[in-house]
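Secondary and tertiary structure notes
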Amino acid sequence: MQQDHFDVSYTEETAGTRLSFHCWPSSRLEATRCVAPMGALYTPLKKLPPACAPPTALQYDPIRCSTATCHAVLNPYCQVDFRTKLWVCPFCLTRNHFPPHYAENISENNLPAELIPQFATCEYELPNVPPAGPPAFVFCIDTCAPVEELTELADSIQQILNLLPEDSLVGLITFGTNVQVHEIGFGGLPKAYVIRGNKEYGTAKVSQLLGCAPVAGGKGGGAPSPPAPPGQQQPNGMPLQQQTYESPGQQVLRRFLLPVSECSMTVESILDDLRKDPWPVPSDKRVARCTGCAMSVATSLLDLALPRSGARLMMFVGGPCTSGPGQIVNRLKTEDMRSHADISRNAEPLHKPACEFYASLAKRNHPAAGKKGSSTQAAANASATSAHVVDVFACSLDQVGMLEMAELVEATGGQMVLGDSFGQSVFKESLRRVFRTFEPDVPEDGGKMQMAFGATLEVLTSREFKVSGAIGPVTSLGKKGPNVSDLEVGKGGTNAWSLGGVDPETTVAIYFDISNPGTSPLPEGKRRFIQFLTKYQHANGRTRLRATTLCGPWYNPPPGEGEKRAPPQPGVNGYNGNMEQPSPVKMSFDQEAAAVLLARVAVDRTGSEDVADVLRWVDRSLIRLCSKFADYVPDDPNSFRLAPEFSLFPQFVFHLRRSQFLQLFNSSPDEAAYYRYILNRENTTNSLVMIQPTLLSYSFNGPPQPALLDSQSVRPDTILLLDTFFHVVVFHGETCAAWREQRYHEQEEHAAFRDLLEAPQADAQTIMDNRFPVPRYIVCDQHKSEARFLMAKLNPSQTHNSEGGGGAQVFTDDVSLRVFMEHLMKLAVQS
């Protein structure tokens, strides 16, 4: 298949998917030579335009392939025989009969929605799965925080209560030295159960401590009455035959988890009366904070009450866990918090036990937990059935243990937010956006919350390639199949994963392994097929299944392609030593998606390899890719040319190497874990902004212009707007800052200067309005301390060692993009 141009972003708009290559080489050997991963970035819950998917969920079960190892869903790429009422599965080539209600009505002019050619994505609302009921939200509050912080936090949670649907369930737990579980169903006065914070509690123990053992008569809060002899009455006067028993879960729902319409006043009064933890703290010790114990009590509460329904445990943490399970630092202030160096040397004795504890929380009540595999994998198995999500909102100037908790948050598909204070907009607005709803004009889902629970993802492929693994907020379900590759990337060895909590932005990277040996070329016109099956619990309690099917071409390279020939004749630049027309594989390259797929692999490898080794692997991959796809004369760096499809890829890698994802300097272990987690769950566009930030320049010379991310873009008379995803920086040049300090913008004759100052601030607000987590907003001036947020991201084309040139100097020993490219060209053209 020859094609002059591939619209690489088309599949993102129509199916929520970005592929690194849209045309694939037909053999494993050629795929290996392509270097860049064969993969897809898939956003399961992305809202698609009506022209690409049915506007509402289909209210019936999908038709599935009858083969036991396939079970693919009927889709537009199936061959249909309208005469015999059969359809052929494109994945396993099995012929299947339509069910009678389809066979009676189907024709070429009367197709069901899932066979309409443009509907490659269909969503089904499964009628045979009973509704799970409204979601529950348990707020778990750290009372060791300062009083001002508690006041801000209480105010934010009270606002959230007003955003929740009236039937949503709400629970409240506070923790400091001990854990307090508030009985919000108890009228008259505030009542809480106090649990010691120095140990872990299982579900049965929590049930006993809260007085939730099975009770006769539907009332109670203590131990059950002993059974009466036959024919006699129970102590409450009711005959034995009329007794009803209230399960522990029912008691929890009656006493500790209530609909927000019934308990909002009670919860608000408790929040108004929140006090700092009263236990005394010696001056040489840290405060006793039992974060891990509180988390174990809260998860037990949800396991008792809602074992299969969607729920969120929202942890609001103001400092490190110093007591009980999950402890990350000793209470003595003479002992420092763990650092990257401590962790790499295994010199931090509390780190590993804390990681194991948080992983155990997700797997504790699941039978698969005992199976062989990593703790994270077992945790995922539990999250797939419980549908409970753990979110961590950490607001502290110190580390709080986010590195250790990341395993649990990832296993359940939760959110992470890292800020300095509960009064910051980074926290307050981010918390509100967790509860975002669909626009009122969205068919069927208008006004409903965007969050979903208990999601699982299964990937089906045609026979010529297999699934290597996935990277993102996923954990393996250990499902084997004929399309599972032995070559593992990320979480591999399976074709199904648990996603836990998902939203319309959650994006998973799936990696493929072309298994076709290539001894004989594939037939011309042969197509490859991928199907993503996402099953999840909607915020309305119903279970839905979304099926997205992709189809793409194969390319059989002609014999001898890839072999080096004699150098081209002088004046014939534009082709490399191969001297052939560019192949469709080369023309179909999506450098943005490939950069994100490569970044995710690099970040995943930092968990098991030294960062220096990962950087060397990234460098080697880039050199091999350029050597394969660039046009050049061997051993002549000056002849090196990259096609437009590849021209930006080297600079993406340059900025990735300098990013906070691979460079640990000036970031704590908590920050590194946070940045990497966010990268692994965001879509292609947002991930690229994290890797290579965007820069806009504002001046009197015209409208705002995109500027090079380079130190030469810094001018005294311009204002720059930098977007790194985590920070939005408005940077004033030296002259602009001086004019502002002299208040020229307040004078009518300098209205143009006032407009110049306001324009980047308005654009910055637009950026922050549509992002989660909300970025930190920084306004700074040239040569001032906060200018470092901009200067650290710029390509250092001018440094303190350079001579002449415009722009600002960057004080660094890092190489510039120009030097990086010179070395890349020299190494790529070596014969």
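Just so it is clear, the structure is predicted and the values come from calculations on it, not from any experiment.

1. Some words on the overall build of the chain
- Counting its secondary structure elements, the chain contains 23 helices and 31 strands.
- Per element, the accessible surface of the chain, about 35300 Å² overall, is 52% carbon and sulfur.

2. Concerning the sheet that holds strand E19 (residues 465-471)
- Within the open sheet, the four strands sit side by side as E1-E3-E22-E19. Their pairing is antiparallel. Two strands in the sheet have a free side with no partner beyond their single neighbour: strand E1 (17-19) and E19. In this sheet, adjacent strand axes meet at a mean angle of 25 degrees when their direction is disregarded.
- Here E19 runs beside strand E22 (residues 508-514); their pairing, made up of six bridges, is antiparallel. In the sheet register, Val467 faces E22, and the bridge partner there is Phe512.

3. A word on the nonpolar core
- Ranked by internal contacts, the top residues of the largest apolar core, which has 140 residues, are Val179 and Ile510.
- Look past the residues within four positions of Val179 in its chain and what remains in contact with it is Ile173, Thr174, Tyr193, Val194, Ile195, Cys290, Cys293, Ala294 and Val297.
- By size, the runner-up hydrophobic cluster in this structure holds 39 residues, among which are Leu258, Val267, Phe427 and Met449.

4. Thoughts on the packing of aromatic side chains
- Within the structure shown, the criterion is met by 31 aromatic pairs.
- A ring pair is formed by Phe316 and Phe427, whose centres lie 6.0 Å apart and whose planes are at 90 degrees; its orientation type is edge-to-face. With a gap of 111 residues between them, Phe316 in strand E15 (residues 311-317) and Phe427 in helix H13 (residues 425-434) connect regions that are remote in the sequence. Like Phe427, Phe316 is buried.

5. Focus on the confidence of the model for the chain
- Summing up the model confidence of the chain, the mean pLDDT is 88 and the portion of residues at 70 or higher is 89%.
- The model gives residues 218-238 a pLDDT under 50, and that stretch makes 33 contacts with residues more than four places away or in other chains.

6. Quick look at helix H19 (residues 684-691)
- Judged by how many residues are buried, H19 sits mostly within the fold: seven of eight residues are covered.
- A distance of 3.4 Å separates the backbone nitrogen of Thr685 from a side-chain oxygen at the start of H19, and that oxygen is part of Asn683.

7. Remarks on the packing of helix H6 (residues 248-255) against helix H8 (residues 291-305)
- Interaxial distance between H6 and H8 falls to 7 Å at its minimum, and their mutual angle equals 115 degrees. By the angle class used here, H6 and H8 are roughly perpendicular. Contacts from Pro248, Gly249, Val252 and Leu253 of H6 reach H8 at Leu301, Leu304 and Ala305.
- Taken together, the residues of the contact of H6 with H8 sort by class into six nonpolar, one polar and no charged.

8. Section: unusual backbone geometry
- Backbone torsion omega between Phe772 and Pro773 reads -10 degrees, so that peptide bond is classified as cis.
- In this structure, Pro773 sits in the loop between helix H21 (751-769) and strand E31 (776-781).
- Positive phi, close to 60 degrees, is recorded for Lys85, a residue that is not glycine.
- Mapped onto the secondary structure, Lys85 falls in the loop between strand E4 (79-81) and strand E5 (86-88).
- Positive phi, normally seen in glycine, also occurs at Asn346, with a value near 55 degrees.
- Along the chain, the position of Asn346 falls in the loop between helix H9 (340-344) and helix H10 (351-363).

9. Observations regarding the side chain of Asn75
- Summarising the element assignment, Asn75 is placed in the loop between strand E3 (39-42) and E4.
- The exposure class assigned to Asn75 is buried, which follows from its relative accessible area of 2%.
- One polar contact links the side chain of Asn75 to the main-chain amide nitrogen of Tyr77, over a distance of 2.9 Å.
- If near-sequence neighbours (up to four positions away) are discounted, Asn75 is found in contact with Pro90, Phe91, Glu114, Leu115, Gln531 and Thr549.

10. A word on the pairing of strand E27 (residues 694-699)
- Where E27 meets strand E29 (residues 719-723), five bridges bridge the pair, whose relative direction is antiparallel. Across the sheet, Thr694 pairs through a bridge with Asp723, a residue of E29.
- Pairing of E27 with strand E28 (residues 702-706), which is carried by three bridges, proceeds in the antiparallel orientation. Considered in E28, the bridge of Ser697 is made with Gln705.
- The loop that links E27 with its antiparallel partner E28 comprises two residues.

11. Some details on the pattern of salt bridges
- Following the criterion strictly, the structure yields 37 salt bridges and no others.
- Here Glu410 makes a salt bridge to Lys491, at a shortest N to O gap of 3.4 Å. Note that Glu410 is positioned in helix H12 (residues 402-412) and Lys491 in the loop between strand E20 (475-476) and strand E21 (496-502), a separation of 81 residues in sequence.
- By relative accessible area, Glu410 is classed as buried at 15%.
- Overall, Lys491 belongs to the partly exposed group, its relative accessible area being 21%.
- Two residues, Arg740 and Asp781, come together in a salt bridge whose shortest N-O distance is 2.7 Å. Note that Arg740 is positioned in helix H20 (residues 734-741) and Asp781 in strand E31, a separation of 41 residues in sequence.
- Here the residues in one salt-bridge network are Lys47, Glu123, Glu125, Glu444, Asp445, Arg544 and Arg546, joined through shared partners.

12. Some details on empty space enclosed by the protein
- Applying the stated criterion across every chain yields a total of five cavities of 30 Å³ or more.
- The volume enclosed by the largest cavity comes to roughly 110 Å³.
- For the lining of the largest cavity, the secondary-structure elements that each account for two or more residues are H13 and E21.
- In the lining of the largest cavity, the residues fall into five nonpolar, five polar and five charged.
- The space that makes up the second largest cavity amounts to roughly 90 Å³.
- As for the second largest cavity, its lining consists of 13 residues, of which Leu45, Phe438, Asp445, Tyr536 and His538 are closest to the centre.

13. Examining the sheet that holds strand E30 (residues 727-732)
- Strand order in this open sheet of five strands is E28-E27-E29-E30-E31, and the pairing throughout is mixed. With partners counted over all chains shown, the strands left at the sheet margins are E28 and E31, one partner each. Taking the axes of each pair of neighbouring strands and ignoring which way they run, one obtains an average angle of 15 degrees across the sheet.
- Against the sheet, H21 engages E27, E29, E30 and E31, with an angle of about 5 degrees to E29.

14. A closer look at the environment of Gln531
- Inspection of the secondary structure assignment puts Gln531 in strand E23 (residues 527-537).
- On the basis of relative accessibility, which here comes to 0%, the residue Gln531 falls in the buried class.
- As a C-alpha pair, Gln531 and Ala120 span 411 residues in sequence and 9.5 Å in three-dimensional space.
- Every residue in contact with Gln531, bar those within four places of it in the chain, is listed here: Ala72, Val73, Asn75, Phe91, Glu458, Val459, Leu460, Thr548 and Thr549.

15. Quick word on the packing of helix H16 (residues 611-629) against helix H17 (residues 649-658)
- Orientation of H16 relative to H17, taken along the N-to-C sense of each, is 175 degrees, at an axis distance of 11 Å. Comparing the axis directions of H16 and H17 gives the class roughly antiparallel. Only Phe649, Pro650, Val653 and Arg657 of H17 make contact with H16, whose side of the interface consists of Leu615, Val618, Asp619, Leu622, Leu625 and Cys626.

16. Observations concerning the pairing of strand E16 (residues 388-395)
- For E16, a buried count of eight out of eight residues is recorded, marking the element as mostly surrounded by other parts of the structure.
- What you see with E16 is no split at all: His388, Val390, Val392 and Ala394 on one side and Val389, Asp391, Phe393 and Cys395 on the other are buried throughout.
- Pairing analysis gives seven bridges linking E15 to E16, with the strands arranged parallel. When the sheet's bridge partners are listed, Met314 is paired in E16 with Asp391.
- Relative to strand E17 (residues 416-419), E16 runs parallel, the two sharing four bridges. Considered in E17, the bridge of Phe393 is made with Val417.
- Handedness of the crossover joining E16 and E17 through H12: right-handed.

Rules behind the numbers
- Residues numbered from 1 in each chain as written.
- Predicted model: local features only at pLDDT ≥ 70, side-chain atom pairs only at ≥ 80, totals over all residues.
- Heavy atoms only, no water.
- Helix = DSSP H or I, 4+ residues; strand = E, 2+ residues; numbered from the N terminus.
- Areas by Shrake-Rupley, 256 points an atom, 1.4 Å probe, with all protein chains shown as cover.
- Pairing = 2+ DSSP bridges.
- Axes fitted to C-alpha atoms, helices over the stretch in contact; angles between N-to-C directions.
- Core = buried A, V, L, I, M, F, W, Y, C linked by side-chain atoms within 4.5 Å.
- Buried < 20%, exposed > 50% of the residue type's maximum accessible area, 1.4 Å probe, protein only.
- Contact = heavy atoms within 4.5 Å.
- Phe/Tyr/Trp six-rings, centres within 6.5 Å; stacked < 30°, edge-to-face > 60°.
- pLDDT = per-residue confidence, 0-100.
- Polar contact = N/O pair within 3.5 Å; in protein donor to acceptor, adjacent residues only side chain to side chain.
- Parallel < 35°, antiparallel > 145°, perpendicular 65-115°, else oblique.
- Nonpolar A, V, L, I, M, F, W, Y, C, P; charged D, E, K, R; others polar.
- Salt bridge = Lys/Arg side-chain N within 4 Å of Asp/Glu carboxyl O.
- 1 Å grid on protein atoms, 1.4 Å probe; cavity = no way out; pocket = protein on both sides within 12 Å on 5 of 7 lines; lining within 4 Å.
- Points joined across faces, edges and corners; volume = space filled by probe spheres on them.
- Right-handed = clockwise from strand over helix to strand, strands pointing away.

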